[in-house]
Amino acid sequence: SKCEQKKYCEKVRHVKKNWKDWKQASPFYSGNRIQTTKYTWFTFLPKNLFEQFHRLGNLYFFFLVVLNWFPQVEVFHREITMLPLIVVLLASMIKDAIEDYRKYQFDKKINFSKTRVYDK
């Protein structure tokens, strides 16, 4: 179906209801909520670090940091060796946090929008 007014189309989600599935649904069904975010407040740091260290460049700099803690191999001061890794990790974390927050806001907007349910 085509929308007659563009403003109307942007504000209302259209859901087609399947009565067979509806009758079998549990009374404790939580709803049709959309969630596209990756992280929560508790999982942001561990999940993000796990993803960051799957990148070869971050693993390389982490290897240099660990290697520099041994006095026999130490080339630079320990703090200087850690600086590039910390800067890259913080920049990536800030970028991921902003993206995930924007997804959260969009999900919230979609989940609280008016919905029309079409029945046969």
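Here the structure is a predicted model, which means the values were calculated and not measured.

Visitor: Hey, could you run me through the overall build of the chain in this one?
Guide: Secondary structure summary: the chain contains 5 helices and 2 strands in total. Put simply, the chain has 120 residues, and 15% of those count as buried. For the chain, contacts bridging at least 24 residues in sequence account for 66% of all contacts bridging at least 6. Total accessible area on the chain is roughly 10,800 Å²; 64% of this is exposed by carbon and sulfur atoms.

Visitor: Which parts of the structure should I look at to understand the UniProt feature "transmembrane region" (unreviewed entry) in the chain?
Guide: UniProt tags residues 53-70 as "transmembrane region" (unreviewed entry). Between the end C-alpha atoms of residues 53-70 there is a gap of 22 Å, over a span that is 72% helix and 0% strand.

Visitor: For this particular structure, what's the right way to read a nonpolar patch on the surface?
Guide: A contiguous nonpolar surface patch, about 330 Å² in accessible area, is contributed by Phe62, Val66, Phe70 and Val73. Mapped onto the elements of the fold, phenylalanine 62 is located in helix 4 (residues 56-68). The exposure class of phenylalanine 62 is partly exposed, given its relative accessible area of 39%.

Visitor: Any chance you could explain helix 3 (residues 44-52) here in plain terms?
Guide: Each turn of an α-helix holds 3.6 residues, which means side chains three or four residues apart point in the same direction. Listed in full, the buried residues belonging to helix 3 are Phe44, Asn48 and Gln52. Looking straight down helix 3, one finds that the buried residues subtend no more than 50° of arc, so they occupy a single side.

Visitor: Honestly, the pattern of salt bridges in this entry has me stumped. Any pointers?
Guide: Close approach of charged atoms allows side chains with opposite charge to pair. In the structure shown here, the tally under the stated rule is 3 salt bridges. When the shortest N-O distance is used, the salt bridge between lysine 38 and glutamate 51 registers 3.5 Å. A residue pair is termed long-range when its members are at least 10 positions apart, and lysine 38 in the loop between helix 2 (19-24) and helix 3 and glutamate 51 in helix 3 qualify at 13 residues. Across the pair lysine 95 and glutamate 99 runs a salt bridge, and its minimum N-O distance is 3.8 Å. Residue lysine 95 and its partner glutamate 99 are both found in helix 5 (residues 78-111); the two are separated by 4 residues, about one turn of the helix. A residue is classified by how much of its surface remains accessible, and lysine 95, at 41% relative accessible area, is partly exposed. Each of Lys95, Asp96 and Glu99 takes part in a single network of salt bridges with overlapping partners.

Rules of the game
Residues numbered from 1 in each chain as written. Predicted model: local features only at pLDDT ≥ 70, side-chain atom pairs only at ≥ 80, totals over all residues. Heavy atoms only, no water. Helix = DSSP H or I, 4+ residues; strand = E, 2+ residues; numbered from the N terminus. Buried < 20%, exposed > 50% of the residue type's maximum accessible area, 1.4 Å probe, protein only. Contact = heavy atoms within 4.5 Å. Areas by Shrake-Rupley, 256 points an atom, 1.4 Å probe, with all protein chains shown as cover. UniProt positions renumbered as here; feature names shortened; annotations may be inferred. Patch = residues over 30% accessible without salt bridge, like charges linked within 9 Å, V, L, I, M, F, W, Y side chains within 5 Å. Salt bridge = Lys/Arg side-chain N within 4 Å of Asp/Glu carboxyl O. Arc of directions from axis to C-beta.

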